[in-house]
Amino acid sequence: MSATQTNKIEIIKTATSKINEVDFDNLSFGAVFTDHLLECDYTNGEWQKPIIKPYAPFLLDPSAKVFHYGQAIFEGMKAYKDDQDAIWLFRPDENFKRFNNSAIRMAMPEVPEYVFMEGLNQLLQLDKEWVKKGKGNSLYIRPFMIATGTGVIANPSDDYKFMIILSPAKSYYSGEVKVIIAEHYSRAANGGIGAAKAAGNYAAQFYPTNLANKDGFQQIIWTDDATHTKLEEAGTMNVFFRINDTLYTAPTSERILDGVTRKSLIAMAEKENIDMVVRPVIVSELVEAAKNGSLKEIFGAGTAAVISPIAGFSYQDVYYELPKTENSFAMLLKDKLTNIQQKLAEDTFGWTVKV
């Protein structure tokens, strides 16, 4: 291994790359990782010097607070390579801002911009060969932070570890998705941490999602915790509904994540002159639209899949199949958004950032 330094980041390069061992045509999402990672520790009340080093396991004390009190947050981003071998990020400022909003909500220290942004840029430059060209190819980026302070007293940690790991990804195909509308379980509650990308939010979804899977459904459309009448998110994604030729999505709140893909699709829909309405969507409204034929599409929106069309939904033991739509808003918006992300179309919004 060899060590170099930028102004503020130490870089230790791996002696041997594992890139030739990877079958890039047959990737399972999030299962393969690149040669290097970024690591930065917070201790004694301040952030230490970031280091980029070979990807490897690390040790934690069994009493580390992440294990006992769940102080853990993360983000999801992607990098893309254009035909000229330049690498691009999509709205990284939004991910950085949301990461620190999550940190504040979880009583964790905010990560400095140079650690997050400059660290990410240096890491991507080092592992640039892992970013493959071509539509559908990308490099998934997972920044995360965990509490590493020791002791089992129930209070926030004094020490933390921020890391960024990278995983090559292909187009995300989830197959036909059927969902069930939640009538009992909730993803988040008012006053809770639903708007933060906290690890515990996802852990809490696993049990009710497993129950849905046993009944033949891939995901759950979550409803509000108080009345279970307002439609909020689909699985781990924001959710959109097309009734006639109007597109609806719920407003962000303490319960709903401020998705980067969500806000991008809203802006794109408005530019495409699609009637876009941000307001609470009521379960009874959706059921009635399904019954009278005005419900044309439902789709989830998030970083991994960009857009995931939903084939049908179940509510109170009644299943409603959605029609096959030729002029699909979901496919129109997905194609336009991915073309911008992969520099196949002009970015008139100024969302893409060159590494």
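Report on the accompanying structure. Owing to the predicted nature of the structure, the values given are computational and were not obtained by experimental measurement.

Time to look at the packing of aromatic side chains. Scanning all chains against the criterion turns up 16 aromatic pairs. Here the aromatic rings of Phe 99 and Phe 162 are separated by 5.4 Å at their centres, their planes lie at 75°, and the arrangement is edge-to-face. In this pair, Phe 99 sits in helix H2 (residues 92–105) while Phe 162 sits in strand E10 (residues 160–169), placing the two residues 63 residues apart along the sequence. For Phe 99, a relative accessible area of 0% puts it in the buried group. Phe 162 gets classed as buried once you look at its relative accessible area, which sits at 0%. With centroids separated by 5.9 Å and ring planes inclined at 85°, the aromatic side chains of Tyr 185 and Tyr 207 adopt a geometry described as edge-to-face. In this pair, Tyr 185 is assigned in the loop between strand E11 (177–181) and helix H4 (199–214) and Tyr 207 in helix H4, connecting sequence segments 22 residues apart. Residue Tyr 185 is classed as partly exposed on the basis of its relative accessible area, which comes to 33%. Among the aromatic residues, ring-to-ring pairing joins Phe 96, Phe 99, Phe 116 and Phe 162 into one connected group.

Let's shift gears to the packing of H2 against helix H3 (residues 113–126). Where H2 contacts H3, the axes come no closer than 11 Å and their chain directions differ by 145°. By crossing handedness, the relation of H2 to H3 is classed as right-handed. Facing H2, whose interface residues are Pro 92, Asp 93, Asn 95, Phe 96 and Phe 99, H3 presents Glu 113, Phe 116 and Met 117. Here the residues of the contact of H2 with H3 are counted per class, giving 5 nonpolar, 1 polar and 2 charged.

As a further point, take the pairing of strand E18 (residues 295–302). Extensive coverage of E18 is indicated by the burial of 7 of its 8 residues. Relative to E18, strand E14 (residues 237–243) runs antiparallel, the two sharing 6 bridges. Following the sheet pairing, Phe 241 is matched in E18 by Ile 298. Two strands pair when backbone bridges link them, and E18 and strand E19 (residues 306–315) are joined in this way by 4 bridges, in the antiparallel orientation.

Turning next to unusual backbone geometry. Even without glycine at this site, Arg 91 takes up a positive phi of about 50°. Inspection of the secondary structure assignment puts Arg 91 in the loop between strand E8 (87–90) and H2. The backbone phi angle of Ala 107 is positive, close to 55°, even though this residue is not glycine. On the accessibility criterion, Ala 107 (44% relative accessible area) is partly exposed.

Quick notes on the rules
Residues numbered from 1 in each chain as written. Predicted model: local features only at pLDDT ≥ 70, side-chain atom pairs only at ≥ 80, totals over all residues. Heavy atoms only, no water. Phe/Tyr/Trp six-rings, centres within 6.5 Å; stacked < 30°, edge-to-face > 60°. Helix = DSSP H or I, 4+ residues; strand = E, 2+ residues; numbered from the N terminus. Buried < 20%, exposed > 50% of the residue type's maximum accessible area, 1.4 Å probe, protein only. Axes fitted to C-alpha atoms, helices over the stretch in contact; angles between N-to-C directions. Left-handed = near helix turned anticlockwise from the far one by under 90°. Contact = heavy atoms within 4.5 Å. Nonpolar A, V, L, I, M, F, W, Y, C, P; charged D, E, K, R; others polar. Pairing = 2+ DSSP bridges.

Everything listed is a geometric property; what it means functionally is a separate question.
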